[in-house]
Structures are given as C-alpha cells and as structure tokens.
Amino acid sequence: MRSKRMIWNQAERFFKGWLLFFLIFPYVQAQPPVNDDLCSAQSLSFSANTYASGTNTNATTLPADPVGTTWIGGTKSHTTWYYFTAPSSGNVTVTTDYPGGILTDPQVAVFSTSDGSCSGILTEVGSNDDINAPTNTRAAVTLTSLTAGARYYIEVDGYSTLTGTFGIKVHDGGQILT
C-alpha cells in the first residue's frame, strides 16, 4: 500500500512537469522566416540556372508593409522580403513561376527606396498577382528602365492568407530564362 507521502511526491512531480511545460511552451513556437522584415531582406543574384527557395510560412505583416497595386483584394497577410541590385541593362524580371513549393498563388511587388536603404520611403515600380489566371496563378513582373546599381526590394505574400514554400528568381534583361 502506498503512503500518502509517496502519492504526494508523484502528484508534485506531475504538476511540476506540467508547470515546466507551460513555462517553456511559449518559447518553442514557430519562428518567422529570417527575411520577415524589410530590413532583413534576402539578397537575390542574377544566375541563369538557379533560383532561391523561399517561404512565407509563419511570416508576419507590419502595418507599414505596403500592398502591391495589382494584388487582388488589396490585402497582405504573410510578407517576406528580398532585394536585388539592378544590372546595367536596367531591365529585370522577378518571377515565382517555378515548379515545386506549396504556395500556389504568390503575389509579388517591387519597390525602390528614397535613399537606397530599407529605411527609405518605398515607391512601387511594379507588381503582379497572377501571370495568367486561372491557369497560372504564380507571379511575375517585368521591369524596365531601372537605375543600374540601385537596390530594389521585393515583397512576396500569398493571396488572401495563403502560406507555403516557393521559388523566386530575378532575370537580367527583363526576359524569363528557361
């Protein structure tokens, strides 16, 4: 037969375990992507055969995050950020039109800044929601006459509240390379 002290010790260990769980649990929640914030944007380079893998899963949205003018519904929910330096041609295509990933309907907007940094005033230079809906709901935007050597920021979000992984690429010359 178990004594009252033994039962108390077992109950005390049980409750301490649950207390420890609830104290630690808030700190093990999923973290947002590293490029969740404009000033933490991920660099993209112009390489013919590669694209960057991205995700907007667990991404947040700040009130100051802009909304692309062509985004259907005019909403933002889980934004991530990238940047590129404009090539000498001044022509660039930004696209998420790559197979794989689970974000089936990404939205893309590209911005210049008033001072070339993430803290400058953003001005949209192009955006896209669907390349060719309903058959292709990925996003691509072709930009011309960009200032060579200037930094441009790319905002990626999912339509409505969609999240998931995606591929993103910047093409020099403004033409999609295959």
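Overview of the structure. Note that the structure is predicted; figures quoted are calculated from it, not measured.

**Here we look at the state of the cysteines**
Counted according to the given criterion, the structure contains one disulfide. Shown here is the disulfide that connects Cys-39 with Cys-118, its sulfur atoms set 2.0 Å apart. Here the S-S torsion is close to 100 degrees, and the disulfide linking Cys-39 with Cys-118 is therefore right-handed. Placement of Cys-39 in the loop between helix H1 (4–24) and strand E1 (42–43) and of Cys-118 in the loop between strand E5 (106–113) and strand E6 (122–128) is noted, with a sequence separation of 79 residues between them. Look at Cys-39 and you get partly exposed, because its relative accessible area is 47%. The exposure class of Cys-118 is partly exposed, given its relative accessible area of 21%.

**Let's talk about the nonpolar core**
Ranked by size, the top nonpolar core spans 20 residues in total, and within it Phe-84, Val-94, Val-108, Val-110, Ile-154 and Ile-168 carry the most contacts. Counting residues per element, the ones that place at least two in this core are strand E3 (80–85), strand E4 (92–95), E5, strand E7 (140–143), strand E8 (151–158) and strand E9 (165–172).

**A look at the sheet that holds E4**
Ordered in space as E2-E9-E4-E7, the four strands form an open sheet in which the pairing is antiparallel. Here the strands that pair on one side only, and so sit at the sheet edges, are strand E2 (52–55) and E7. Neighbouring strand axes in the sheet, compared pairwise and without regard to direction, differ in orientation by 20 degrees on average. Bridge analysis of E4 against E7 gives four bridges, and the strand direction is antiparallel.

Basis of the calculations
Residues numbered from 1 in each chain as written. Predicted model: local features only at pLDDT ≥ 70, side-chain atom pairs only at ≥ 80, totals over all residues. Heavy atoms only, no water. Disulfide = S-S within 2.5 Å. Helix = DSSP H or I, 4+ residues; strand = E, 2+ residues; numbered from the N terminus. Buried < 20%, exposed > 50% of the residue type's maximum accessible area, 1.4 Å probe, protein only. Core = buried A, V, L, I, M, F, W, Y, C linked by side-chain atoms within 4.5 Å. Pairing = 2+ DSSP bridges. Axes fitted to C-alpha atoms, helices over the stretch in contact; angles between N-to-C directions.

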